[in-house]
Amino acid sequence: MTVPRSVQSQPPGEPEARSFLRLVSSRPVPAAPGDGDGGARPLLVAAIDDLPELPGDAFVAALARETAAGARVLAYHGRRDDDRGVVLTAALVRPRGLAVMRGRAVHDRPLPALRGPLGAHERLLERTYGLQLAAPPPRAADAPLDPRDMWFWPAGHGAEERDPGFGGLVDHGPLRLHCRGDHIRVVELRAGAEHDVETMLCTRPVAQLPALVETLRGEGSVARAWAHAMAIEGLASVDLDLAGDVHRGVGLELERIAGHLVGLAATARAIGFGAGASDLDRLHALVRDLLMRLCGSRHGHGHVRPGGVREAIGAARIADVRATLAGLRGAFARCSATLLGARSVQARLDGVGGLTGADATQLGLVGPAARASGLPHDLRRDLPGRLYRRHAVDVFVEYDGDCLARASLRAREVDAAVAWILNSIAGAAGARPAAVLPSLAPRHLAIAAVEGARGSIVHLLETDAAGRLLDYRAQDPAMFAWPALATAVRGGSLADVHLCAQSLDLALGGLAC
């Protein structure tokens, strides 16, 4: 049995020392007492009647104490409860694993606001449920406005009036830029369009949900399907075998490779490095074709199903995966060396869109954007479960937090994902086929978390007294990326907006700012 361990290393002290700090590697150690085989698991299932429900003020005070003690808030959601207000649920990552807190807010009493890392969650609660927060959102200290400056606001009514230079981020997205010349002085975020698609999931039969969950948003189908499957299996008291976990992990890491290749290609294209972008697009197509051969979908649809696997990975497919990834590893090494080794690329990316560790903490960043700013947030390390204890993955961080750091981190994570698949895919053979699941436990709460390519994906499911789904919340990392973009471009140039957006994996779908 292996678990990740921390390896001490000196962080880069000189600006030119853009080296990585390896935070996690593998060594055999015994599990902690009471951990069983899985250790800190990415799944929590609890009976609703066993969870104390705190008043709104006490709930926020307890949440503040937890975060001050070092816990990280993974999700913070609400559910309307007729005229009784809004039921609040917070999922936290503690050293021993996931924890949950419950509270209740009423509409006629303002709820204390913590802001900081919880700012994105609290803004979503305000807009979705109409809750009043006691403190207004703090405004960053910007340069004073000048009537001679220009506003770039979502453009006019006609398509001909839109400026395509921002890739739709200004004319369709939530950004409002206050500029003098091409210098961005102030950045504001307006509320993005909210589509409460999760409410629809509660009205559908459970057997239909996996296909719907996979297409909730853009990238991340395998990660969303895995989070959904874990939550459903937890509510049905079904435990997947290790081979099934490896099967899912292979699909997830292939999706991570594909996502990072797309991000690197988009970054190269944003700076006009067309040769590198086309090479990376070709490698991305290879990975998507491999997913197609594994599960019948280039986007990984159908690779994960609750209760087991739809079709196990046999010896022939294992050989195909190994041969494809062995060729991709060499080709990607050449592509990344060409891209990140070019002095013109380094000069264009270095220092652009920088986010310090304090910025990343304040914004509640997750995924590669957080790790590129020095925060070691990775659920494969923090909540490894049985899979990542047996097959640990290396997690890297960078400290500079700019576009070059994010591109370099992606390159290292592609190498780590390829190595993980090659080392562990043999364990996917013989995975248990999916079977009909038992009924879901009544009045239970399940929280499942998966580290996707862009960050943590969290699904929260709650059942009523009859075992039917009462609430379904699916959290996407895009809700943290838009405030990060606003911080990254402030004080920069208009020419950097599109580049920073590609570097932060932003998409216009799933706005939550």
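Everything quoted here is computed from the prediction, not taken from an experiment. (Residues numbered from 1 in each chain as written. Predicted model: local features only at pLDDT ≥ 70, side-chain atom pairs only at ≥ 80, totals over all residues. Heavy atoms only, no water.)

Trainee: A description of the state of the cysteines should follow, citing residues and the corresponding values.
Mentor: Per the counting criterion, the structure on display carries zero disulfides. Here Cys403 is not cross-linked by a disulfide; its sulfur's nearest cysteine counterpart is in Cys500, at 4.2 Å. Cys403 sits in the buried class, given a relative accessible area of 1%. A residue is classified by how much of its surface remains accessible, and Cys500, at 1% relative accessible area, is buried. (Disulfide = S-S within 2.5 Å. Buried < 20%, exposed > 50% of the residue type's maximum accessible area, 1.4 Å probe, protein only.)

Trainee: Outline the pairing of strand 8 (residues 97-105), supporting the account with residue identities and numerical values.
Mentor: Among the nine residues of strand 8, nine are classified as buried, and the element is accordingly described as predominantly covered. Two elements, strand 5 (residues 53-55) and strand 8, share three bridges in a ladder whose sense is parallel. In the strand pairing of strand 8, Glu53 is matched with Arg102. The loop that links strand 7 (residues 86-94) with its antiparallel partner strand 8 comprises two residues. (Helix = DSSP H or I, 4+ residues; strand = E, 2+ residues; numbered from the N terminus. Pairing = 2+ DSSP bridges.)

Trainee: Tell me about the nonpolar core, residues and numbers included.
Mentor: Proteins that are soluble and globular tend to have nonpolar side chains buried together. Counting 105 residues, the largest nonpolar core has Leu254, Ile257, Leu365, Ile421 and Leu485 as its most contacted members. Not counting chain neighbours up to four residues away, the residues in contact with Ile421 comprise Val250, Glu253, Leu254, Ile257, Val321 and Leu325. If you look at the next biggest cluster of nonpolar residues, it comprises 20 residues, including Val86, Ala90, Leu92 and Leu118. (Core = buried A, V, L, I, M, F, W, Y, C linked by side-chain atoms within 4.5 Å. Contact = heavy atoms within 4.5 Å.)

Trainee: I'd love a proper account of the sheet that holds strand 6 (residues 72-80), names of residues and values included.
Mentor: Across the sheet, which stays open at both edges, the four strands sit in the order 5-8-7-6 with mixed pairing between neighbours. Two strands in the sheet have a free side with no partner beyond their single neighbour: strand 5 and strand 6. Here the strands of the sheet are splayed against their neighbours by 30° on average, with no regard to which way each runs. Inspection of the sheet shows strand 6 paired to strand 7 by eight bridges, in the antiparallel sense. Its bridge partner being in strand 7, Val73 is matched across the sheet by Leu92. (Axes fitted to C-alpha atoms, helices over the stretch in contact; angles between N-to-C directions.)

Trainee: How would you explain the packing of aromatic side chains if you had to name every residue and give the values?
Mentor: Enumeration over the complete set of coordinates arrives at two aromatic pairs. Both rings, one in Phe59 and one in Tyr76, keep their centres 5.9 Å apart while their planes meet at 40°; by these two values the pair is tilted. Taken as a pair, Phe59 in helix 1 (residues 56-68) and Tyr76 in strand 6 lie far apart in primary sequence, 17 residues in all. Each member of the pair, Phe59 as well as Tyr76, is classed as buried. Ring centres of Tyr388 and Trp420 lie 5.6 Å apart, and the angle between their planes is 40°; on these two criteria the pair is classed as tilted. Pair noted here: Tyr388 is in helix 13 (residues 385-390) and Trp420 is in helix 14 (residues 403-424), with a separation of 32 residues, a long-range link. Given a relative accessible area of 5%, Tyr388 falls into the buried group. For Trp420, a relative accessible area of 4% gives the class buried. The ring of Phe396 carries Arg412 above its face, with NZ or CZ at 4.6 Å from the centroid. (Phe/Tyr/Trp six-rings, centres within 6.5 Å; stacked < 30°, edge-to-face > 60°. Lys NZ or Arg CZ within 6 Å of the ring centre and 35° of its normal.)

Trainee: Just give me the short version of the sheet that holds strand 4 (residues 43-47), but keep the residues and values in it.
Mentor: Taken together, the four strands give an open sheet; going across it, the order is 4-13-14-15, and neighbouring strands pair in antiparallel fashion. A single partner strand is all that each edge strand has here, and the edge strands are strand 4 and strand 15 (469-475). In this sheet, neighbouring strand axes are inclined to one another by 10° on average, regardless of whether the strands run parallel or antiparallel. As defined by bridge partners, strand 4 adjoins strand 13 (residues 444-451) across five bridges and the pair is classed as antiparallel. If you follow Ala46 over to strand 13, its bridge partner there is Leu445.

Trainee: Which residues make up the confidence of the model for the protein chain, and what values do they have?
Mentor: Averaged over all residues, the pLDDT of the protein chain is 84; the fraction at 70 or higher stands at 82%. When mean pLDDT is compared element by element in the protein chain, strand 13 scores highest at 97, while strand 3 (residues 24-28) scores lowest at 30. Here residues 154-164 is modelled with pLDDT under 50, and outside its nearest four sequence neighbours on either side it reaches 14 contacts, counting other chains as well. A low-confidence stretch, residues 508-513 stays under pLDDT 50, and its non-local contacts, those more than four residues away or across chains, total 25 contacts. (pLDDT = per-residue confidence, 0-100.)

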